[in-house]
Amino acid sequence: MPSRPKPRPAQQALISDPERRRRLGASFADDTSLEEARRYDAVRPRYPDEMVDQLLRAAGSCASVGPPVVADLGAGTGILTRALLARGASVHAVEPSAAMTEVMCARSVEQNPEPNPEQSPGQTRPPHRLKVHRTTAEATGLEQESCDVVVAAQAWHWFDDALVQDEVRRILRPQGVLGVVANYLDTSVPWVHRLTRIMRAGDVYRPGWTPPVDPARFTAWDTTQTRWERKITPEQIRELSTTLSSWLSAEEPARARRRANLDWYLDEHLELTPGEPVALPYLTVLHTSVSRVPGAPVS
């Protein structure tokens, strides 16, 4: 059995090499096709209801009049965006990928439709509470102090640490909430741990890690964990593996080896039945911090 993921020091960048971060991130932002974006949205896990609720509750003390205003950085196909909209939030979805945002808009209409009075009866449009921004997290273009919450779901490691902190601090209202959330395959379960190694899932949970932020700008992190399971077929596990940056950035020979290893593991070693769902354990980790008032002492 391979060794467990090692603890990682708090406040350490997950991807320290800027060129490697750019190359892997481009596999989503620049190179994703519409077909790949649809597959990503179909097989990637959702976020537990209690986690989404907790994120919005954290904004309660600083929220402006009306629904909370949330900036979802690196929003992808809008998996978290749609959950926030369903709870009444107004969302600025910040995502540079054209394919990802196209899927985001289509799926948002399906899940949160609103009648369009300017068109024929029965036609719908995206929720008026959704604003899509085709740009990067480091340069959102949003107004200063316009958001109650800024959240990055499965995306913080793609950003330039210094630049994104500048932007988050700029667009957050005083004492607004910064949230960083990620779904991890639960490597405390032995068969899942081995699966992550075969899939080359690099974003496994590292005990003790928290996102790097300037303590003069943000309070200490409050971290919560939620363990849960999703039902998924062996075929969907294979699809899931093709949505990882390690797959998208790999050459075909490496992909072929990984496909063969995954086929052996799922079919022969685990003896999973084709088409039959299996419970796949996940760990969702939410880090929240509050934007410090300028000049306030650091405890």
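To be clear, the structure that these remarks concern was listed above.
Quick caveat: nothing in here was measured; it's all calculated off a predicted structure.

(A) Just the pairing of strand 7 (residues 172-185), in detail. Most of strand 7 is tucked away: 11 of the 14 residues are buried. In this structure, strand 6 (residues 147-153) lies alongside strand 7, joined through six bridges in parallel fashion. By the bridge assignment for strand 7, V151 is matched with G179. As a crossover connection, the stretch from strand 6 through helix 6 (residues 161-171) into strand 7 is right-handed. Across nine bridges, strand 7 lies against strand 9 (residues 278-290) in antiparallel orientation. Within strand 9, the residue paired with A182 across the bridge is V285.

(B) Layout of the environment of L272. Locating L272 in the fold gives a position in the loop between helix 10 (252-269) and strand 9. Taking the C-alpha atoms as reference points, L272 and T233, separated by 39 residues in sequence, lie 8.6 Å from one another. Those residues in contact with L272 that sit more than four places away from it in its chain are P234, L266, D267 and V278.

(C) Spotlight on the packing of aromatic side chains. Following the criterion strictly, the structure yields four aromatic pairs and no others. Here the aromatic rings of W264 and Y265 are separated by 6.1 Å at their centres, their planes lie at 35°, and the arrangement is tilted. The exposure class of Y265 is buried, given its relative accessible area of 1%.

(D) Main features of the nonpolar core. Within the largest apolar cluster, 29 residues are counted, with the highest numbers of intra-cluster contacts made by Y47, L80, L84 and V181. Elements with a minimum of two residues in this core: helix 2 (34-43), helix 3 (49-58), helix 4 (79-86), strand 2 (90-94), helix 5 (98-111), strand 6 and strand 7. By residue number, the principal contributor to this core is helix 4, which donates five residues. Apart from residues no more than four positions distant in its own chain, L80 is found in contact with Y47, V52, D72, V151, A153 and V181. The next biggest cluster of nonpolar side chains, apart from the first, holds 22 residues, and it includes A137, W158, L172 and F218.

(E) Expanded view of the sheet that holds strand 6. In spatial order, the strands read 5-2-1-6-7-9-8; together these seven strands make up an open sheet with mixed pairing. Edge positions in the sheet fall to strand 5 (130-133) and strand 8 (222-232), since each has one partner strand and no second. The mean inter-strand angle of the sheet, taken between neighbouring strand axes irrespective of direction, is 20°. Along the sheet face, helix 3 touches strand 1 (69-73), strand 6, strand 7, strand 8 and strand 9 and points at about 5° away from the line of strand 9. Along the sheet, helix 7 (residues 190-199) contacts strand 7 and strand 9; its crossing angle with strand 9, the most-contacted strand, is approximately 80°.

What counts and what doesn't
Residues numbered from 1 in each chain as written. Predicted model: local features only at pLDDT ≥ 70, side-chain atom pairs only at ≥ 80, totals over all residues. Heavy atoms only, no water. Buried < 20%, exposed > 50% of the residue type's maximum accessible area, 1.4 Å probe, protein only. Helix = DSSP H or I, 4+ residues; strand = E, 2+ residues; numbered from the N terminus. Pairing = 2+ DSSP bridges. Right-handed = clockwise from strand over helix to strand, strands pointing away. Contact = heavy atoms within 4.5 Å. Phe/Tyr/Trp six-rings, centres within 6.5 Å; stacked < 30°, edge-to-face > 60°. Core = buried A, V, L, I, M, F, W, Y, C linked by side-chain atoms within 4.5 Å. Axes fitted to C-alpha atoms, helices over the stretch in contact; angles between N-to-C directions.

It is worth stressing that arrangement in space is one thing and function is another; only the former is reported here.
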